[in-house]
Every structure is written in structure tokens, then in C-alpha cells.
Amino acid sequence: MLTVEEIKHFMEEDAGSQKKKQAAQGWKYYEGEHKIMGARLYYVDADGELKEDTVRSNIKISHPFFTELVDQEVQYMLSGGGDHIKSDIPELQEKLNLYFDDAFWSELYETLTGCIAKGFEYMYGYQTSENRIGFQHADSTGVIEVRAKDAADKTEHVIHWYTDQTQKDEKDIKHIQVWDAKETFYYVQVNNGEITEDKEAELNPRPHIVSEENGERFGSFFGFIPFFRIDNNAKQFSGLKPIKGLIDDYDLMACSLSNNLQDFTDALYVVSGFQGTDLDEMIQNIKVKKHIGVSPDGKVEIKIIDIPYEARQIKLDHDEKNIYRFGMGFNSAQLGDGNITNVVIRSRYALLDLKCNKLEIRLKEFLREIIKIVLDEINRNEGTDYQMKDVYFNFVREVITNAKDNAEIELTDAQKEGQMLENLLKVNNILDDETIIREVCAVLDIDYEEIKGRVAAGEGETQTVRKMLENIVPE
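Residues numbered from 1 in each chain as written. Predicted model: local features only at pLDDT ≥ 70, side-chain atom pairs only at ≥ 80, totals over all residues. Heavy atoms only, no water.

Asks: How would you summarise the packing of aromatic side chains if you had to cite specific residues and measurements?
Replies: As enumerated under the stated definition, the model contains 16 aromatic pairs in all. Aromatic pair phenylalanine 393 and phenylalanine 395: ring centres 6.1 Å apart, planes at 20 degrees, arrangement stacked. You can call phenylalanine 393 buried: its relative accessible area is 18%. Each member of the aromatic cluster is reached from another via a ring pair, and the members are Phe100, Phe104, Trp105, Phe135 and Phe228. (Phe/Tyr/Trp six-rings, centres within 6.5 Å; stacked < 30°, edge-to-face > 60°. Buried < 20%, exposed > 50% of the residue type's maximum accessible area, 1.4 Å probe, protein only.)

This is the structure we're talking about:
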């Protein structure tokens with residue numbers, strides 16, 4: 001069991017870790033909090049001192065490319081419905097569906113989102129109201145793995161914390177859970193003060209599993225710490241890392257253009273020989289009266305400033321292209337030549353497919369750990385002996401397609417099918433009935449054994465079979 005001092009030490013040490021700082025930065029960009037939001041403008045005054053410019057426009061607009069790339073990867077990875085964990089054993093599939101239901105896939109969606117945005121994320125197991133193990137997403141910024149002193153590769157404790165803000169007195173209450181292989185200890189910390197035991201916890205410490213029989217409670221445990229981590233890559237880097245500079249540059253170029261348009265909406269008036277002493281009066285005359293007085297040798301020139309829009313637009317387009325290229329995403333705004341076939345669409349998914357292929361390997365490894373625990377519980381409760389080899393994964397990613405292409409493919413397939421049946425009709429006097437039936441079933445994709453059984457029962461004499469074939473493909 002960890003002491004309060006040890007818990008506080010581990011939490012303070014973890015808060016200053018570079019890995020957690022990078023994870024927090026990735027999440028900020030996912031939520032649209034970019035570097036541009038802290039941009040400030042400065043100028044050097046007449047005395048040579050650097051001062052902040054509060055007069056010029058300082059438009060701050062984040063362009064959430066990273067949000068799109070993360071959501072795109074997660075949704076593409078989990079597309080095709082939620083039926084991704086399969087078994088050919090009907091009884092086992094029925095049991096698996098109880099564990100891996102819509103609630104589980106919803107939690108996994110949040111876990112994958114955090115994994116890509118932050119670099120790593122967690123799910124943890126708990127006892128549900130149905131007295132079986134369930135799984136929930138855990139924010140990686142609030143999870144600390146405490147290694148054993150005698151084995152650096154063994155996690156001895158997991159500290160999991162999250163913060164609630166009370167509406168009444170606006171206090172930040174940090175709920176802290178310390179997990180080991182048998183039970184969970186509960187603590188609270190108010191406004192970064194002292195860490196104390198949570199007096200509101202019903203059981204403290206609480207066994208992993210609490211059972212009740214005849215009014216008495218019994219505790220048991222999983223025998224392991226039920227926290228499961230999925231990494232975005234070997235170094236646990238956020239997906240933001242390769243494209244952060246490009247996103248920052250895009251924000252800067254776009255906001256600079258907006259600032260220029262805001263600051264130079266009006267023309268500049270160059271006045272010489274002004275008949276007056278008050279500059280404010282001259283400006284007022286220009287804005288309101290549309291005229292000013294000048295000496296006989298004076299004049300007024302109107303200067304129009306040309307904003308370098310084309311150069312900025314080219315730079316913005318270049319940055320956007322590279323963001324999707326190095327972020328390995330699908331750019332839905334990409335223009336084509338008007339001939340958007342299924343082949344062209346699939347080629348635009350190539351980078352996203354490569355990225356998801358790497359994620360799929362880590363996701364399967366992550367899910368195998370969870371499935372193993374589920375199978376152990378099923379075998380223990382049902383007296384069965386299901387193994388990991390009885391379960392497989394079914395990740396089929398859905399891609400948008402060209403409806404015209406699909407219709408042409410269906411028409412071609414139908415014509416091919418009709419031609420094959422017509423060829424069978426031409427040779428039906430040469431081939432035996434069994435061969436004809438087998439080939440017809442293969443073309444129409446129907447159950448040959450069922451048809452064969454009907455023929456054997458007297459429903460499919462030679463003449464009947466040939467008449468059926470003629471009805472399908474009339475001469």
C-alpha cells in the first residue's frame with residue numbers, strides 16, 4: 001500500500017514529465033487550442049523600448065486540422081458497424097455480445113481518440129451491476145503507473161485521478177484512486193491541498209469484486225491491476241508531432257492575412273500643405289465632410305495598399321496539402337478532374353489506410369488482453385473451456401464509393417451471370433443433371449446441398465431441372 005506522501009510525490013513527479021506535457025499539448029490541439037491563441041504583437045517605440053501593440057488587429061483563429069485527422073482515423077478504424085469481435089461458436093458469440101456491446105465500443109472510441117491525440121490512453125476493468133467485468137475509458141493524463149522497486153517492467157500500483165469542480169464554492173476536488181492487484185483505495189484532494197482518505201466512499205479500501213449473499217458481503221479480486229494501455233506508436237508520441245509546425249504555420253498565415261485585411265480596409269491619405277494645426281480635425285474632415293483645406297501648393301494623394309494575397313494563398317494551399325500528406329489523412333476538399341472513379345477514391349484513402357494498418361496491429365494486441373480476461377470469466381462462470389483461438393477480429397473499413405461506378409459494376413456482373421446461365425442452357429443435353437445443378441447453384445450463389453436434397457427426394461427429375469433452367473434463361 002502506498003502512503004499519502006508517496007502518492008503526492010508520484011503525482012507531482014508525473015505532472016512534470018515530458019511525456020504528460022506532450023500528451024496535454026496533443027489534447028489541446030485536438031480541442032482547437034492552438035499556439036496562435038497566445039499570439040501577441042509588439043513594436044519598438046521612439047525610446048527603443050519593446051512594447052505590446054494593442055492597436056493593430058490581432059485576430060486569433062485556430063484551424064482544427066488535427067481534430068479532423070484524429071476523428072477521421074478513429075471512425076475509419078471502427079467503421080463497418082460494431083461487430084468486430086467474432087466467433088464461429090454461436091454460444092460463445094452470444095456471450096461475447098454481452099461484454100462487447102454498444103457501451104463498450106463507445107468507450108473504445110473515446111480511448112482511441114485519446115490514444116491518437118495524446119500518444120497513449122487507457123481502459124480499466126470494473127464490476128458492473130450485472131456482476132460481470134465491464135470496461136471504461138480512462139484519461140491517460142490522470143493515470144500513473146508505479147513500477148515495482150525490484151522489477152522495472154512490473155506495475156505494482158496504478159494511481160488514477162480526476163477532478164470535479166463544485167458549483168457552490170468553486171473548489172477543485174481531485175478524486176484519487178490507488179489500485180493494486182487486490183483492491184482500490186480512495187482519496188480526495190481539495191485545491192491542491194493535503195491528500196486525505198475519502199470519507200464518502202462506501203468501502204475503503206474496496207475489493208475489485210463485491211458479492212452479496214444472505215445480506216452479507218464478500219470480496220474477491222481479479223489478481224491483476226485491471227488497467228490496459230494502448231500506445232499510438234513505440235515512443236508514445238501524439239499524432240500531432242509530425243504536423244504541429246505545419247498547423248502553426250497555417251494559423252499564422254491565415255491570421256496575418258485577416259489582420260492585413262482588417263488594418264488596411266481604408267485608403268491612406270497623404271496630405272501636404274494642410275491649412276490647419278489640428279491633426280484630429282483633418283482626420284475628422286476626411287471621414288465626415290470628405291474634404292480638407294490645403295495651401296495653394298498643397299495636395300492630397302490617396303494611396304491604395306496592395307495586400308500580397310496571392311502569395312499567402314499559395315502558402316496556405318501548400319501547408320494544407322502537407323498537413324494531410326504528413327498527417328496521413330483523407331482530404332475531402334481535394335479537387336479532381338471530374339472523373340472521380342472508385343479507383344481514384346481508393347487511391348486518396350491510401351495514406352489513411354497505411355496509418356490505420358499500423359493502428360490495427362496495436363488495437364488487436366490491446367483487445368486480446370481484454371478478451372483473455374473476458375474468456376476467463378466466461379469459463380469460470382459457465383464451466384466452459386473457450387480459448388483465444390475461438391475468437392477472431394473483423395475490421396472492415398468502409399470507403400465512400402461512386403454510385404455510377406457501383407451501378408455499372410452490378411450491371412456487368414448481372415450480364416456475366418446471365419451469359420453463364422445461357423451457356424449452361426446450350427449444353428444441358430450434354431452434361432448430367434448433377435453437374436448442371438452444381439453449376440447453376442454456383443452462378444446464383446445458392447445452397448447446392450439443399451437443391452441436391454430436393455432432387456434426390458424426387459422434386460428435381462431431369463425434365464424438371466431442365467425446365468427450371470429454361471425459366472431462368474429463356475431462349
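Asks: Before we move on, could you go through helix H3 (residues 65–77) and cite the residues and values that matter?
Replies: Counted at 1.5 Å a residue, the expected span for H3 with its 13 residues is 18 Å, and the 18 Å between its end C-alpha atoms agrees. The buried fraction of H3 is high, at eleven of 13 residues. (Helix = DSSP H or I, 4+ residues; strand = E, 2+ residues; numbered from the N terminus. Expected span 1.5 Å × (residues − 1).)

Asks: Please set out the sheet that holds strand S4 (residues 120–127) residue by residue, giving values where relevant.
Replies: Taken together, the three strands give an open sheet; going across it, the order is S5-S4-S14, and neighbouring strands pair in antiparallel fashion. Each end of this open sheet is capped by a strand with a single partner; those strands are strand S5 (133–138) and strand S14 (227–231). On average, adjacent strands in this sheet sit at an angle of 25 degrees to one another, irrespective of strand direction. Sheet analysis places S4 next to S14, joined by five bridges and oriented antiparallel. Note on S14: the bridge partner recorded for tyrosine 124 is phenylalanine 227. Lying on the sheet, helix H5 (residues 102–118) is in contact with S4, S5 and S14; it crosses S4 at an angle near 150 degrees. (Pairing = 2+ DSSP bridges. Axes fitted to C-alpha atoms, helices over the stretch in contact; angles between N-to-C directions. Contact = heavy atoms within 4.5 Å.)

Asks: Talk me through the side chain of asparagine 259; I want residue IDs and the actual numbers.
Replies: Checked against the element boundaries, asparagine 259 lands in helix H6 (residues 244–263). Assessed through its relative accessible area of 11%, asparagine 259 is described here as buried. Setting aside chain neighbours within four positions, we find asparagine 259 in contact with Ser57, Asn58 and Ile59.

Asks: Before we move on, can you summarise the nonpolar core with the specific residues and values?
Replies: Counting 59 residues, the largest nonpolar core has Phe100, Leu108 and Leu363 as the members making the most contacts within it. It is helix H10 (residues 350–382) that contributes the most residues to this core, twelve residues altogether. Ignoring sequence-local partners within four residues, the contact set of leucine 108 consists of Leu78, Met123, Leu363, Phe366 and Leu367. Ile7, Ile144, Ile159 and Tyr187 belong to the second-largest nonpolar core, a separate cluster that totals eleven residues. (Core = buried A, V, L, I, M, F, W, Y, C linked by side-chain atoms within 4.5 Å.)

Asks: Give me the lowdown on the pairing of S4, citing residues and values where you can.
Replies: Counted residue by residue, S4 has seven buried out of eight residues, so it is predominantly covered. Strand direction decides the pairing type here: S4 and S5, joined by six bridges, are antiparallel. By the bridge assignment, methionine 123 is partnered in S5 with histidine 137. Adjacent in sequence and paired antiparallel, S4 and S5 are bridged by five residues, among which asparagine 131 carries a positive phi angle near 60 degrees.

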